[in-house]
Number of protein chains: 2
Amino acid sequence: MTRTLSALLAPSSLALVGASDDATRIGGRPLRYLREAGFAGRIYPVNPKRDSVQGLPAYADIAALPEVPDTAILALPASATLSAVQACADRGVPTATIFSAGFAEMGEEGRALQSRILATAREAGLRLLGPNCLGVFNPAAQYYGTFSVILDGQLMQPGPVGVVSQSGAYGSHLAHLARKRGLGISKWVTTGNEADIDLSEALSWLVEDPQTRVIMAYAEGVQDRDRFIAALEGARQAGKPVVFMKTGRSSVGAEAAASHTAALAGSDAVFDAVLRQYGAYRAATTAEQIDVAYACARSIDSAGGLPSGNRIGIFTMSGGFGIQLADDSEAAGLDVSPMPEPAQAELLKALPFAAPRNPVDATAQAVTDMGLLTQSVRAMLEQGGYDIFTAILGTGPGSPTFSAKLRAALQAAQPEQGSKILRALTMSAPDDAVRAYEDDGFLVYEDGSALANALGALVQFSSAFGRPATDPATLSMDQQDLPQGPVSEAGAKRLLARAGIPFPPEHLVTDAAGAAQAARDLGGPVVIKIASPDIAHKTEVGGVAVNIPADQAEARAARMLADIAQAAPKARIEGLLVAPMAPEGVETIIGVSRDPVLGPVVMFGLGGVFVEVLRDVTFRAAPFDRAEAHRMIRDIRGYPMLEGVRGAGRADVEALAQLLSDLSRFAFAHRDQVAGIDLNPVRVLPEGQGVLALDALIDFGKDPA
Amino acid sequence: MTRTLSALLAPSSLALVGASDDATRIGGRPLRYLREAGFAGRIYPVNPKRDSVQGLPAYADIAALPEVPDTAILALPASATLSAVQACADRGVPTATIFSAGFAEMGEEGRALQSRILATAREAGLRLLGPNCLGVFNPAAQYYGTFSVILDGQLMQPGPVGVVSQSGAYGSHLAHLARKRGLGISKWVTTGNEADIDLSEALSWLVEDPQTRVIMAYAEGVQDRDRFIAALEGARQAGKPVVFMKTGRSSVGAEAAASHTAALAGSDAVFDAVLRQYGAYRAATTAEQIDVAYACARSIDSAGGLPSGNRIGIFTMSGGFGIQLADDSEAAGLDVSPMPEPAQAELLKALPFAAPRNPVDATAQAVTDMGLLTQSVRAMLEQGGYDIFTAILGTGPGSPTFSAKLRAALQAAQPEQGSKILRALTMSAPDDAVRAYEDDGFLVYEDGSALANALGALVQFSSAFGRPATDPATLSMDQQDLPQGPVSEAGAKRLLARAGIPFPPEHLVTDAAGAAQAARDLGGPVVIKIASPDIAHKTEVGGVAVNIPADQAEARAARMLADIAQAAPKARIEGLLVAPMAPEGVETIIGVSRDPVLGPVVMFGLGGVFVEVLRDVTFRAAPFDRAEAHRMIRDIRGYPMLEGVRGAGRADVEALAQLLSDLSRFAFAHRDQVAGIDLNPVRVLPEGQGVLALDALIDFGKDPA
């Protein structure tokens, strides 16, 4: 741990400034929790009005403390915070947490106050958590630097789950739900307004923390692209699942998020793409977040690791539940593959009325004769070839007349030592029964749909963690000298062609005679387009003519120049672009836009109704490699169009992936200059024949810096 | 209640055949539960080997009973069941339940045995439940005719929720979850193999039952279309929500379902459509089924009814949770509309740091000063104009230091007597706290996403219940005399035109000269198509020519006849169809297929990639009216194409709806003869100009009877 980390998350001494004798108040709760937990470090309550607080001697101010504490917790009104931070800075305190609200989230005045506090801290090398946060806790160190009310009456168990949350209330709720689920917490960090320490930094702490095996995160937006991506990629490379709740996906939610936090919420679709791209899992609901984190924690911590594949075997004693879990498993991307034929035959010998395929339904017979249950389950574990085994036990484990027999029968079917099969159960039973089956190595869920979904998430993590790290060299690109201000289509194509984007061969000519000569050189019918840096939408002014035979090129070019002279008399005309008619292919639309937080992002979709009606597009943060581009291409619903429909062959998806990756590298290398790029359409030719961008537009926008 | 119903669900006397002295066995459990419940009726254990069973005098057989019992519960092996049914029939017992498996679900032999049992019962007017079922219970009557283990240790509370389930295990699980959620059960019926009484009949009982206000159903398939639809429509008209779990939606699941039950599982998409069409709600997960049923039960039973609109006001003391619930509400189709401006201004006066819009975020200030909470909530209830109010309380109601104040503050903000605003909360707290808030009139959820989703379901029910019943007259259609065997396109069009389906004016001619004359009469370019009952796919044999100028029609027609003579020498040729080129419009595909259980269903989708790549289609069971057709049209993702994209105007959706309804009525009137209809394409012209079916194919298939 760095000095900041250990000082903030595992201090050996702390000052509680604004300490209260009332253990239900914000200034009183941390003290009460620390003492209930048996915190072994030195605690210095600071309160100029009292000699003692909750039985501990109190100090008038930071300066009066007998030593420099590792951390200071400021439980003070906003107005008193600046001078307390100054006192910490003066004394050389390395870290401080500010609980109070009333800063950047409250408009101009609050923002100014927060800036002054940050400047004061920065000058002295004092690291700040908050303001407007609920602090931290670290159960293994008995450390509770928080006033969260969920600790009222019950502290936390240490365990493998780390929590980072911008919202203190949400972070508290996650910790509460984890506790109810029997999950221990490694570190819990709430970042509030993030004047200094932000979510990404806290996330990277947990990636480094050996006690943390799984991370639950909550954000409304992030402050810094590079830190955020580095933290996510660090987690992926360390094999630590990040289960993310990102709010603000609805229009109302995004509005409320913007009014609530000082963070700039990146556009939701882009944020979503970044999470997927860097191997994190975005939960849709809090229940899902806990369900997935539970699966991660139990499989990594005690059940032999994430599953290595997606083949699931389902055991049931009631057909209906088996069918339901098969439905849910398929929806979660799992492979409900049948038992091998010999194993089916063997099962049928023992259980003639069973369904031996998968789900394996041993019927109520197995309830009466538990040996049959053991035999069936053992056959599935030993002969099924499954990565995941799931049994449906219903209310059985809670039944006084049935529970002990059932558990013994399952124990008798334990897999061999070293088996990598992940085992899970569904049941509805009291907590002690659940814990008993967990001790036997099972993941336990009440709801089969929640289980199947969480297993699907494990498989996604497993696959994301198995991807090699991208070589940064493949993502970089030499910067070109870019012009200042707008460029014509021809200019944009020249720049992008140098970056590897393929365009049709085309001639820039200055007059109608040149167009005729170019058409003859190209052979066959041509496209003629006006070339002007001042005309972005060429069709609107009559600046595009397609399928012109070579012998009509001169006349058509002359007419176009005359039309444009009328329609856009002030536009600077570079000339005319003459290109061959492009071969047939699948039309796609590719673009780059710049997210205020997450930087340049590449969008991909199919042309026509796919984008215009169905909004069937996908995003990736630039830069990315070809492998990521292939995943991107497969995201869209219309992907089968590229595989070939109505007897058409497969399109050149490999060339498309190369283009997307090249474009992403260009966009990232020039992120300070380029605000947007449109390649519309990009035609994907049949396999082996490449892609062609038929039009290009670069927007140099305003400098974001 | 009918005699069957009261005899089966509220008997005053019963025989337990195969009664066991061991209270943990199948033949022992019902007796134990009945006695624990204090059942007041007369119980006759039947067991030829014993004088008494669990302390009650036992009888050797049904014949020996001192009276004819209302119902007999047969807890016997499959092999002993037939003679017991015969004994019941001989004695005139009106109803019996068969627990045992080993019948139709177990292949040929079991099916034969089940048929014999049914025949025996039918002859005597004996109604059967099962076999392979878990029976029934009726907590208000202290009646438990079941061996379900979930009653081990805890019986059920009476209440508003009815349960019907083909699977005994699933039905038990639902009852168990309802009990955990504090929901009482009115009637609980499991139907198993459904030799006689099926899910639809049981469903219609609960629709009639005054104690049942909400129904949870589970099915793998249904036996009879008419009974099923009548039960659903009955529930809709009675204002009783049906919350349905239908399994078998995946390929594996459907296969397992077919192997598991004797029911023919209708195709899942069609089943889904029928549920929507008749106002039931299909839950995706069991957790959702309970969450939605809870919302229905609490709102109908104690909170003033279903909400009358979808405007939701959200109160929070923590921004993050508010944003999340706003996201979830929007996703569930709720309207998170802002507070009126004057109310916002008023709120800001009291709480200058609050976000007063919606979600209303009173911030942690309201935690410190509960009067502010009361004031904010009252403002939302009185001035917000909301149909639904939701407050986010987190772990507060479980906190020893906070709980009482919080509840009092909310009570102080009660809406006026007679208010129709549905009120809900999210909180994570022990059961007694939850029950207390329920007593205050709130729906209580732990998870905000689950709450938002359930509220969305309530709004759907409210809207479905508000639809007037369809006048049967608008759904009927006079039957035409249909030909036996295949008809040509021209023949199909003649039949369908009589049913109101619009086709372009077209001429059937017998030779090339006739085609030329027809083209001259029509004016402008024409389409020429071969007319033959033996050629279903005309393009494959050169039987379609489009855009033929009138002066070339004769030559082209002659060539077509020559081509066909070569390509399909044996086909009977009726002649040639000559039609004008149809005006531009939106291409759609409309078809009818016959589901083995649910009968004729109409499919609708847009042409091209929408159907071929995106499978963007929707179904309705025939017949349906124009209003339903409008809902159907709006189901598809590509619907905006009909509203007009790329500057195109709106298409004639009204005419399209009329066509769909007419086709559905034709398909239903001729359901015994017509196996399939293809109208591909159907061109939807601009608004006011109608639709045109450009091709038609009728498949007379085999008679399903």
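Criteria and cut-off values
Residues numbered from 1 in each chain as written. Chains lettered and ligands numbered in written order. Predicted model: local features only at pLDDT ≥ 70, side-chain atom pairs only at ≥ 80, totals over all residues. Heavy atoms only, no water. Contact = heavy atoms within 4.5 Å. Buried area = accessible area lost by both parts, 1.4 Å probe. Salt bridge = Lys/Arg side-chain N within 4 Å of Asp/Glu carboxyl O. Polar contact = N/O pair within 3.5 Å; in protein donor to acceptor, adjacent residues only side chain to side chain. Helix = DSSP H or I, 4+ residues; strand = E, 2+ residues; numbered from the N terminus. Nonpolar A, V, L, I, M, F, W, Y, C, P; charged D, E, K, R; others polar. Pairing = 2+ DSSP bridges. Phe/Tyr/Trp six-rings, centres within 6.5 Å; stacked < 30°, edge-to-face > 60°. Buried < 20%, exposed > 50% of the residue type's maximum accessible area, 1.4 Å probe, protein only. Lys NZ or Arg CZ within 6 Å of the ring centre and 35° of its normal. Domains from an automatic or database assignment. Least-squares fit on C-alpha atoms with pLDDT ≥ 70 in both. Core = buried A, V, L, I, M, F, W, Y, C linked by side-chain atoms within 4.5 Å. Arc of directions from axis to C-beta.

As for the interface of chain B and chain A
Now for step 1: Every contact between the two is made by 68 residues of chain B and, on the other side, 68 residues of chain A.
Now for step 2: The junction of chain B with chain A conceals about 5,500 Å² of combined surface from both sides, 60% of it contributed by carbon and sulfur atoms.
Now for step 3: On inspection of chain B and its partner chain A, the count reaches two salt bridges.
Now for step 4: Summed over the shared surface of chain B and chain A, the number is 12 residue pairs in polar contact (both at pLDDT 80 or more).
Now for step 5: Listed by contribution, the elements that provide at least two residues to the side of chain B that touches chain A are helix H5 (168-180), helix H8 (251-260), helix H10 (286-302), helix H11 (319-331), helix H22 (609-612) and helix H24 (640-643) of chain B.
Now for step 6: Of the residues in the side of chain B that touches chain A, the class split is 28 nonpolar, 24 polar and 16 charged.

A look at the sheet that holds strand S14 (residues 281-282) of chain B
All names here are of chain B.
Now for step 1: Spatially, the seven strands line up as an open sheet ordered S9-S8-S11-S10-S12-S13-S14, and their pairing is mixed. The sheet is open, and its two edges are formed by strand S9 (143-145) and S14, each paired on a single side.
Now for step 2: Where strand S10 (residues 158-165) meets strand S12 (residues 214-219), five bridges bridge the pair, whose relative direction is parallel. Directly across from Val164, in S12, lies its bridge partner Ala217.

Here we look at the packing of aromatic side chains
Now for step 1: For the structure on display, the rule yields 28 aromatic pairs over all chains.
Now for step 2: The interplanar angle of 40° and the centroid separation of 5.3 Å between the aromatic rings of Phe228 of chain A and Phe271 of chain A together place this pair among those described as tilted. Placement of the pair is Phe228 of chain A in helix H7 (residues 225-237) and Phe271 of chain A in helix H9 (residues 268-277), with a sequence separation of 43 residues. Each member of the pair, Phe228 of chain A together with Phe271 of chain A, is buried.
Now for step 3: Cation over ring: Arg181 of chain B sits above Tyr294 of chain B, and NZ or CZ is 4.4 Å from the ring centre.
Now for step 4: A cation over a ring is seen here: Arg181 of chain B above Tyr445 of chain B, with NZ or CZ 4.9 Å from the ring centre.

With respect to the domain arrangement of chain A
Now for step 1: Segmenting chain A into domains produces domain 1 (1-140), domain 2 (156-302), domain 3 (303-465), domain 4 (505-580) and domain 5 (586-699).
Now for step 2: A C-alpha centroid distance of 68 Å is found between domain 3 of chain A and domain 4 of chain A.

Here's the deal with the pattern of salt bridges
Now for step 1: Enumeration over the complete set of coordinates arrives at 72 salt bridges over all chains.
Now for step 2: Put simply, Asp21 of chain B and Arg50 of chain B hold a salt bridge, and the shortest N to O gap is 3.3 Å. Of this pair, Asp21 of chain B sits in the loop between strand S1 (13-17) and helix H2 (29-37) while Arg50 of chain B sits in the loop between strand S2 (42-46) and strand S3 (52-53); the two residues are 29 residues apart in sequence, bridging distant segments of the chain.
Now for step 3: Using a relative accessible area of 36% as the deciding quantity, one classes Asp21 of chain B as partly exposed.
Now for step 4: A relative accessible area of 35% places Arg50 of chain B in the partly exposed class.
Now for step 5: In this structure, Asp272 of chain B and Arg276 of chain B form a salt bridge, with 2.8 Å as the shortest nitrogen-oxygen distance. Note that Asp272 of chain B and Arg276 of chain B are positioned in helix H9 (residues 268-277) at a spacing of four residues, about one turn of the helix.
Now for step 6: On the basis of relative accessibility, which here comes to 23%, the residue Asp272 of chain B falls in the partly exposed class.
Now for step 7: Given the relative accessible area of 37%, Arg276 of chain B is considered partly exposed.
Now for step 8: Taken together, the salt bridges that share partners define one network made up of Lys246, Asp268, Asp272, Arg276, Arg282, Arg620, Glu628, Arg631 and Asp635 of chain A.

Some thoughts on the relation of the copies chain B and chain A
Now for step 1: Least-squares fitting of chain B to chain A yields an RMSD of 0.1 Å, with the transformation described by 0.0 Å of translation along the axis and a rotation of 180°. On the angle and the small slide along the axis, the relation comes out as a two-fold axis.

Side note on the sheet that holds strand S16 (residues 360-361) of chain A
Now for step 1: Strand order in the open sheet made by the five strands is S16-S15-S17-S18-S19 (chain A), with parallel pairing throughout. The sheet is open, and its two edges are formed by S16 and strand S19 (443-445) of chain A, each paired on a single side.

A few points about the pairing of strand S23 (residues 575-580) of chain A
All names here are of chain A.
Now for step 1: Of all six residues making up S23, five are buried, and the element is well covered by its neighbours.
Now for step 2: Strand direction decides the pairing type here: strand S20 (residues 507-509) and S23, joined by three bridges, are antiparallel. Note that in S23 the partner of Leu508 across the bridge is Leu577.
Now for step 3: Across six bridges, the pairing between strand S21 (residues 526-531) and S23 is antiparallel. Within S23, the residue paired with Lys529 across the bridge is Leu577.

Focus on helix H16 (residues 431-439) of chain B
Now for step 1: Every buried residue of H16 of chain B is accounted for by Ala433, Val434, Ala436, Tyr437 and Glu438 of chain B.
Now for step 2: One or two steps after H16 of chain B, the chain reaches Gly441 of chain B, where phi turns positive at roughly 100°.

Let's talk about the nonpolar core
Now for step 1: Counting 298 residues, the largest nonpolar core has Phe228, Phe315 and Leu373 of chain A together with Phe228, Phe315 and Leu373 of chain B as its most contacted members.
Now for step 2: Beyond its immediate sequence surroundings of up to four residues, Leu373 of chain B is in contact with Phe315, Met317, Ala366, Leu406, Ala409 and Leu410 of chain B.
Now for step 3: With 100 residues, the next largest nonpolar core counts Ile590, Leu614 and Ala696 of chain A together with Leu606 of chain B among its residues.

Some thoughts on helix H12 (residues 341-350) of chain B
Residue pairs three or four apart in sequence face the same way in an α-helix, which turns once every 3.6 residues.
Residues and elements named next belong to chain B.
Now for step 1: Within H12 the residues assigned to the buried category are Ala343, Gln344 and Leu347. Each buried residue of H12 sits inside an arc of 100° when the element is viewed along its axis, so together they form one side. Those residues of H12 that are exposed and angled more than 90 degrees off the buried face are Glu341, Pro342 and Lys349.
Now for step 2: Residues of H12 that are buried make contact with strand S16 (360-361) and helix H14 (370-383).

Thoughts on the environment of Gly192 of chain A
Residue and element names in this part refer to chain A.
Now for step 1: Here Gly192 shows up in the loop between strand S11 (185-190) and helix H6 (199-208).
Now for step 2: Residue classification places Gly192 among the buried positions, given a relative accessible area of 13%.
Now for step 3: Separated by 25 residues in the primary sequence, Gly192 and Ser167 have C-alpha atoms spaced 5.8 Å apart.

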